[in-house]
Amino acid sequence: MNTPNKLTILRVLLIPVFVIVYLNEHIPYNEIIAASIFIIASLTDFFDGYLARKYNLITNFGKFLDPLADKLLVNIALICFLSIPDNPVHAWVVMVIISRDFIISGFRLVASDNGIVIAADYWGKVKTTVQMIMTILVIVDFDTPVMNIVEEVLIYAAVILTIISLIVCIASNKNVLKDNK
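Attention here is on the structure that accompanies the text. This structure is a prediction, so every number in the text was calculated from the model and none was measured.

## A look at the overall build of the chain
- What the chain contains, in helices and strands, is six helices and zero strands.
- Taking 181 residues into account, the globule formula puts the C-alpha radius of gyration at 16 Å, and the chain, at 17 Å, falls close to it.
- In terms of overall dimensions, the chain has a C-alpha envelope of 55 × 35 × 25 Å along the principal axes.
- Of all intrachain contacts in the chain linking residues separated by at least 6 positions in sequence, the fraction that spans at least 24 positions is 74%.
- With an accessible surface of roughly 10100 Å², the chain has 69% of that area assigned to carbon and sulfur atoms.
- Once the 13 positive and 15 negative side-chain charges of the chain are each reduced to a mean point, those two points are 17 Å apart.

## Here we look at a negative patch on the surface
- Negative charge collects at one region of the surface, where E25, E31, D141 and D143 lie side by side.
- Along the chain, E25 turns up in the loop between α1 (3-22) and α2 (30-54).

## Some remarks on the environment of V12
- Structurally, the position occupied by V12 is in helix α1.
- Taking the C-alpha atoms as reference points, V12 and Y55, 43 residues apart in sequence, are found 23 Å from one another.

## Thoughts on unusual backbone geometry
- We note that D86 has phi near 60 degrees; this positive angle belongs to a residue other than glycine.
- Note on placement: D86 falls in the loop between α3 (60-81) and α4 (91-113).
- Given the relative accessible area of 81%, D86 is considered exposed.
- Phi is positive for D141, close to 50 degrees, though the residue is something other than glycine.
- Summarising the element assignment, D141 is placed in the loop between α5 (122-140) and α6 (145-172).

## Details of the nonpolar core
- Counting residues in hydrophobic clusters, the biggest one holds 33 residues, and the most contacted among them are F18, F38, L78, V89, M134 and I139.
- Broken down by secondary-structure element, the contributors of at least two residues to this core are α1, α2, α3, α4, α5 and α6.
- Element by element, the count of residues in this core is highest for α5, at seven residues.
- I104, L166, C169 and V176 belong to the second largest nonpolar core, which has seven residues in total.

## Re α1
- Counted at 1.5 Å a residue, the expected span for α1 with its 20 residues is 28 Å, and the 28 Å between its end C-alpha atoms agrees.
- Of all the bends in α1, the largest measures some 25 degrees and sits at L14, one to four residues before the proline P16.
- Along α1, the residues classified as buried are P4, N5, L7, T8, R11, L14, I15, F18, V21 and Y22.
- On the buried face of α1, the contacting elements are α2, α3 and α5.
- Between the side-chain oxygen at the start of α1 and the backbone nitrogen of N5 there is a gap of 2.9 Å, and the oxygen is on N2.

## Observations concerning the pattern of salt bridges
- The tally for this structure, following the rule as stated, stands at five salt bridges.
- Where R11 meets D48, a salt bridge forms, and the shortest distance between an N and an O atom there is 3.2 Å. With R11 in helix α1 and D48 in helix α2, the pair connects residues that are 37 residues apart, well separated along the chain.
- D101 is paired through a salt bridge with R100; the nearest N and O atoms lie 3.0 Å apart.
- For D101, a relative accessible area of 4% translates into the label buried.
- Sharing partners across several salt bridges, the network here consists of R11, D45, D48, D66 and D70.

Rules and cut-offs
- Residues numbered from 1 in each chain as written.
- Predicted model: local features only at pLDDT ≥ 70, side-chain atom pairs only at ≥ 80, totals over all residues.
- Heavy atoms only, no water.
- Helix = DSSP H or I, 4+ residues; strand = E, 2+ residues; numbered from the N terminus.
- Rg over C-alpha atoms; globule rule 2.2 N^0.38 Å.
- Contact = heavy atoms within 4.5 Å.
- Areas by Shrake-Rupley, 256 points an atom, 1.4 Å probe, with all protein chains shown as cover.
- Lys, Arg positive; Asp, Glu negative; His and termini not counted.
- Charge placed at Lys NZ, Arg CZ, Asp CG, Glu CD.
- Patch = residues over 30% accessible without salt bridge, like charges linked within 9 Å, V, L, I, M, F, W, Y side chains within 5 Å.
- Salt bridge = Lys/Arg side-chain N within 4 Å of Asp/Glu carboxyl O.
- Buried < 20%, exposed > 50% of the residue type's maximum accessible area, 1.4 Å probe, protein only.
- Core = buried A, V, L, I, M, F, W, Y, C linked by side-chain atoms within 4.5 Å.
- Expected span 1.5 Å × (residues − 1).
- Bend = angle between axes of the 7 residues up to and from the residue.
- Polar contact = N/O pair within 3.5 Å; in protein donor to acceptor, adjacent residues only side chain to side chain.

Written out as structure tokens, the structure reads:
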């Protein structure tokens, strides 16, 4: 197993650690520790892609697991937010983001049945980056008027980019939906 794939697996393994720390109020500074864990997990996303491209270590396993790991990391954090009183991420935001991810996962499954691997594209990467930055700010919750506005803008940007990335992915790969019978 190559280093980029190990970094992706590390990201998946950090998810339950993040959840345990973030949702445990009895851990001193749990939000700061959880944000640090989330940042480390997010950085593995950057480095696994960078190393895979730089050293030509791109694998089908990585094409499959990397976007899945990103979705798990962000979506589980979003679900955690729903259990935190007065968090700025509304349930409809979580539903839109998770719905998009289910649709794309199903789309990738159909593509896979046709021997096609759909890797993350530009819009998917931008969406994931914005979602990760938004998530970090919501976890830390600076709770100042300016930061509350920044969080709100990032939440809406994440929703808009989620929808754009869905449309672009399906439009770019519409041949997957054609009946080959």
